[in-house]
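If you want the building blocks of each chain, they are given just below.
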Amino acid sequence: MTLHLLKLCVGAESVQDLEEWIAEKRAEKAARGETVETFHTTRMVPTRTAELLAGGSLYWVIKGETACRQELVDIRPFVDGDGIRRCRLILDPVVHRVEPRPNRPFQGWRYLAPKEAPADLAAGGAAPALPEDMRRELRALGLI
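Now for a look at the structure at hand. Keep in mind that this is a model prediction, so the values were computed, not measured. Sequence order sets the numbering: in each chain, residues are counted from 1 along the sequence as written. Under the rules for a predicted model, residues below a pLDDT of 70 receive no local features and side-chain atom pairs below 80 are neither given nor counted, while totals for whole chains, interfaces and linings still include all residues. With hydrogens and water stripped out, all remaining heavy atoms of the structure feed into the side-chain values.

**Quick notes on the side chain of Ser 14**
Worth spelling out the cut-off: Where helices and strands are cited, they refer to DSSP runs of H or I of at least four residues and of E of at least two residues respectively, numbered from the N terminus. Any pair of nitrogen or oxygen atoms within 3.5 Å is treated as a polar contact; in protein, a donor-acceptor pairing is required on top of that, and neighbouring residues in sequence qualify only through side-chain atoms on both sides. Whether two residues are in contact is decided by their heavy atoms, any of which lying within 4.5 Å being enough.
Relative to the assigned elements, Ser 14 resides in the loop between β1 (4–8) and α1 (15–32). For Ser 14, the side chain forms a polar contact with the main-chain nitrogen of Asp 17, separated by 3.0 Å. Those residues within four positions of Ser 14 in sequence are excluded, and the remaining contacts are Ile 62 and Glu 132.

**Re the pattern of salt bridges**
Where charged atoms of side chains with opposite charge meet at close range, the side chains can pair. Spelled out, the test is: One side-chain nitrogen of Lys or Arg within 4 Å of one carboxyl oxygen of Asp or Glu is enough to make a salt bridge. Think of it in three bands: with a 1.4 Å probe and only protein chains considered, a residue is buried below 20% of the maximum accessible area for its type, exposed above 50%, and partly exposed in between.
On inspection of all chains with the given rule, the structure shows 10 salt bridges. Among the ionic pairs, Glu 34 bridges to Arg 32, the shortest N-O distance being 2.8 Å. Classification of Glu 34 by relative accessible area gives partly exposed; the value is 39%. In this structure, Arg 48 engages Glu 51 in a salt bridge whose closest nitrogen and oxygen atoms are separated by 2.8 Å. Take Arg 48: its relative accessible area is 32%, and that puts it in the partly exposed class. Here the salt bridges share partners, and the residues they tie into one network are Glu 37, Asp 74 and Arg 76.

**Some words on the nonpolar core**
The cut-off we apply is this: In this text, buried Ala, Val, Leu, Ile, Met, Phe, Trp, Tyr and Cys residues form a nonpolar core when linked through side-chain atoms within 4.5 Å.
Leu 5, Leu 18, Trp 60, Ile 62, Cys 68 and Leu 89 are the most contacted members of the largest nonpolar core, which has 21 residues in total. Those elements that provide at least two residues to this core are α1, β3 (57–62), β4 (65–79) and β5 (85–91). If sequence neighbours within four positions are ignored, Trp 60 has contacts with Lys 7, Leu 8, Cys 9, Leu 18, His 40, Glu 65, Thr 66, Ala 67, Cys 68, Gln 70 and Leu 91.

**Some remarks on the environment of Leu 6**
Mapped onto the fold, Leu 6 is located in strand β1. Given the relative accessible area of 8%, Leu 6 is considered buried. Sequence spacing of Leu 6 and Glu 20 is 14 residues, and the spatial spacing of their C-alpha atoms is 20 Å. If we skip the residues at most four places from it in the chain, Leu 6 touches Leu 58, Tyr 59, Val 61, Thr 66, Asn 103, Phe 106, Gly 108, Trp 109, Arg 110 and Leu 112.

**Brief notes about α1**
The cut-off we apply is this: Here the expected span of a helix is defined as 1.5 Å times the quantity of residues minus one. For this quantity, the arc is that covered by the directions from the helix axis to the C-beta atoms.
With 18 residues, α1 should cover 26 Å at 1.5 Å per step; its first-to-last C-alpha distance of 26 Å lies within 8% of that length. When we look at burial in α1, the residues that qualify are Val 15, Leu 18, Ile 22 and Lys 29. One side of α1 holds all its buried residues, which, seen down the axis, span an arc of 60°. On its buried face, α1 sits against β2 (38–42), β3, β4, β6 (96–102) and α4 (132–140).

**What to know about the environment of Phe 39**
Summarising the element assignment, Phe 39 is placed in strand β2. Looking at Phe 39, the relative accessible area reads 26%, which means it is partly exposed. C-alpha separation for the pair Phe 39 and Ile 90, spaced 51 residues apart in sequence, amounts to 4.3 Å. Aside from chain neighbours lying at most four places away, what touches Phe 39 is Lys 29, Arg 88, Leu 89, Ile 90 and Leu 91.

**Some details on unusual backbone geometry**
Even without being glycine, Lys 63 reaches a positive phi, approximately 50°. Within the fold, Lys 63 resides in the loop between β3 and β4.

**Quick notes on α4**
Listed as buried for α4 are Glu 132, Arg 135 and Arg 136. The arc that holds the buried residues of α4, viewed along the axis, is 100°, so those residues lie on one side. Away from its buried face, by an angle of more than 90 degrees, α4 presents the exposed residues Asp 133 and Glu 137.

Spelled out as structure tokens, the structure:
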């Protein structure tokens, strides 16, 4: 069975902001001659790794909405220089926009069952063409 993760995307103002940050970090790694991987480091190691790696994604909450996802490629626990156990979530660099869904703040990450995960937005559909801030405002007003 597939399982997903849900995580706050701290510091990102929009999906485009996240995409630009990913591209910038990948370019920096390539320029330094390092292995070019997209990953997110977290303190807790998921216990349901097999389910997550069976087609799971990391769904990002941006500005109070589940807005996009990245496919999970690998999960690599490690111990940092201070002796603290951490985990790298290795992600596909492609960001898939999903049907926006309000989400309250939380700490860490949460498991997300496939039936609870928002659907991907169709490429070229009407919703992605709206700027994110306008779409949020229209949603708050009950117009979309």
